[in-house]
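Okay, here's what each chain looks like letter by letter:
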Amino acid sequence: MILAAQISDTHFDEAPRNLERAERAMTYLASLRRKPDVILVTGDITDSGKPAQYAQAAATLRGVGDIPVYFLPGNHDDRAAFRTALLDETPSTDPINGAYRVGPLTVLMLDSSVPGESSGRLADDTLDWLREALAETLDGPILLALHHPPKLLHSPIIDVIGLAEPETLADIIAADDRIVGTLTGHAHSAAASTFGGKPLITCPSTASVLGGVWEVEPPTKVMDYAPDPMVALHVIDETNSLTTHFRSVPIGGWLATPLA
Ligand SMILES: [Fe+2]
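Remember, it's a predicted structure, so these values are computed and weren't measured experimentally.

(A) Representation of the layout of surface pockets within the structure. In this structure, the largest pocket encloses a volume near 290 Å³. For the lining of the largest pocket, the class distribution of residues is eight nonpolar, two polar and three charged.

Listed below in structure tokens is the structure:
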């Protein structure tokens, strides 16, 4: 089996709160008896795309031994600063798409961010990149990840800044039996649905929870900062099915104490 951990929406902002919460989540993952095979970080890594925020992110999210960590940008990120800090690449504003092999699993990470906008869209170049990556994947299950959920989650804050024009992605997913599911962030809520006939899993944020329509009461009740940071643990087993567990990581919790 492959164990793919996911954390999202860390919102590093140079202040200690979000840093400590992301550290706590990473300590939990690094402390697991069965280490994750990969850690996927699905966007809004920083709060406003500043180099100092990426420095916090790089120092925190890379420090997990030899577990590979792969990153996606969200609407709060800056592609050029992201590339410099997290990918050691020359800065550019081109979409940041990535194909990664994790044992038999292929992970395709799609940049759904649109510079300067809160809502998302997959550029034509990114959809072409996805088609090529699928054609080049010769075997094994495939997991997709992008920041913006491609369908309504009944989240009043997020539904108006979700993924525009999701139909092409839905068609690609529905047509490829190897795709086991799609992972997103953005919603700051642990949510499960379907998209393109496959599981759609939204990883909660380590920083905060955004309410659903049953909770939100703008302008005062929108975001809840009290819940502990959460992570998602995705299992892809020999039957090529996707099973997800969510964990909150309280201070002093089972595996949340710093490593010796
Ligand atoms: Fe976010």
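Additional details are given in the paragraphs that follow.
(B) Structural view of the pattern of salt bridges. Counted according to the given criterion, the structure contains 11 salt bridges. With its nearest N and O atoms 2.9 Å apart, the salt bridge here joins E20 to R24. Highlighted residues: E20 and R24, both in helix α1 (residues 16-31), separated by four residues, approximately one helical turn. Relative accessible area serves as the criterion here: at 7%, R24 is assigned to the buried category. The closest approach of N and O atoms between D88 and R62, which form a salt bridge, is 3.7 Å. On the criterion of sequence distance, the pair formed by D88 in the loop between α3 (79-87) and β4 (98-102) and R62 in the loop between α2 (51-61) and β3 (69-72) is long-range, its members being 26 residues apart. Its relative accessible area of 61% is what places D88 among the exposed residues. Ionic contacts of the salt-bridge type, sharing partners, join the residues E20, R24 and D228 into one network.

(C) Examining the coordination of the iron ion more closely. Within the protein, the atoms that donate to the iron ion are D9 (OD), H11 (NE2), D44 (OD) and H188 (NE2), at distances of 2.2 to 2.3 Å. Taken together, the four donor atoms surrounding the iron ion define angles of 89 to 173 degrees at the centre, an arrangement classified as irregular. If you list the donors of the iron ion from N- to C-terminus, the spacing comes out as D-x1-H-x32-D-x143-H. One end of the pair, D9, is in the loop between β1 (2-7) and α1; the other, D44, is in the loop between β2 (38-42) and α2, and 35 residues separate them in sequence. With respect to burial, D9 and D44 carry one shared label: buried.

Scoring rules and cut-offs
Residues numbered from 1 in each chain as written. Predicted model: local features only at pLDDT ≥ 70, side-chain atom pairs only at ≥ 80, totals over all residues. Heavy atoms only, no water. 1 Å grid on protein atoms, 1.4 Å probe; cavity = no way out; pocket = protein on both sides within 12 Å on 5 of 7 lines; lining within 4 Å. Points joined across faces, edges and corners; volume = space filled by probe spheres on them. Nonpolar A, V, L, I, M, F, W, Y, C, P; charged D, E, K, R; others polar. Salt bridge = Lys/Arg side-chain N within 4 Å of Asp/Glu carboxyl O. Helix = DSSP H or I, 4+ residues; strand = E, 2+ residues; numbered from the N terminus. Buried < 20%, exposed > 50% of the residue type's maximum accessible area, 1.4 Å probe, protein only. Donors = N, O, S within 2.8 Å, 3.2 Å for Na, K, Ca; no water. Tetrahedral: all angles 85-135°; square planar, octahedral: opposite > 155°, others 65-115°.

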